[in-house]
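Architecture at a glance
Listed below, chain by chain, are the residues.
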Amino acid sequence: LEVIESDLQKNLAEITAEEESELANYDTATQKNRNEKRSIETDVIYKTRESKGLDKTSSELSADQGSTQEEYDALSEYYTKIQSECTGRVSSYEERKKLRDNEIAGLHEALASLGGSGVSGLLQKQVARKSSLRGTNSLAPDEADA
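Worth saying up front: this structure is predicted, and the values here are computed from it rather than measured.

The rules we used
Residues numbered from 1 in each chain as written. Predicted model: local features only at pLDDT ≥ 70, side-chain atom pairs only at ≥ 80, totals over all residues. Heavy atoms only, no water. Helix = DSSP H or I, 4+ residues; strand = E, 2+ residues; numbered from the N terminus. Buried < 20%, exposed > 50% of the residue type's maximum accessible area, 1.4 Å probe, protein only. Areas by Shrake-Rupley, 256 points an atom, 1.4 Å probe, with all protein chains shown as cover. Patch = residues over 30% accessible without salt bridge, like charges linked within 9 Å, V, L, I, M, F, W, Y side chains within 5 Å. Salt bridge = Lys/Arg side-chain N within 4 Å of Asp/Glu carboxyl O. Lys, Arg positive; Asp, Glu negative; His and termini not counted. Charge placed at Lys NZ, Arg CZ, Asp CG, Glu CD. Polar contact = N/O pair within 3.5 Å; in protein donor to acceptor, adjacent residues only side chain to side chain. Expected span 1.5 Å × (residues − 1).

**Considerations on the overall build of the protein**
- Counting its regular elements, the protein contains four helices and zero strands.
- Ordered by position in the sequence, the α and β elements of the protein form the string α-α-α-α.
- Counting across all 146 residues of the protein, residues that qualify as buried make up 4%.
- Summed over its atoms, the accessible surface of the protein is roughly 13200 Å², and 55% of this surface lies on carbon and sulfur atoms.

**A closer look at a negative patch on the surface**
- There is a patch of like negative charges on the surface, built from Glu14, Glu18, Glu19, Glu20 and Glu22.
- Relative to the assigned elements, Glu22 resides in helix α1 (residues 2-86).

**Digging into the environment of Thr48**
- In this fold, Thr48 is placed in helix α1.
- Looking at Thr48, the relative accessible area reads 35%, which means it is partly exposed.
- Here the side chain of Thr48 touches Val44 through a polar contact of 2.5 Å, landing on its backbone oxygen.

**A closer look at helix α2 (residues 93-113)**
- Taking 1.5 Å as the rise per residue, α2 with 21 residues should run 30 Å; its terminal C-alpha atoms sit 30 Å apart, in good agreement.
- Of the residues one or two after α2, Gly115 is the one with positive phi, at around 95 degrees.

Rendered as structure tokens:
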């Protein structure tokens, strides 16, 4: 009977020590889990704030991109318009000769309409016209008619 009692006390002591060890392990694991949960909750809060900030920044940048794209399109259109106006087309010799011949023909017509008297005749007519407006005639009568 004493042997059984000593075995029971020995078993009881082992079970008690084992329970205390398991309880200590449980308390340690529980505390570790609480700390980890707190850390995760804090991370969630900060990451949620960061996510909201990034969403706001993203929407602002999208709006900026839209307005910048509109400006770029307008400038590209303007550049194309200006470029077509500024870059001259090189005309061929035939085109330049034709323009020059037309200009010379026009000058000959103007000369003919002046009576063929040339530049000196034109100047004399202007002087005669001015003097007739003033009431004096500084030219001879035959020069005023020419």
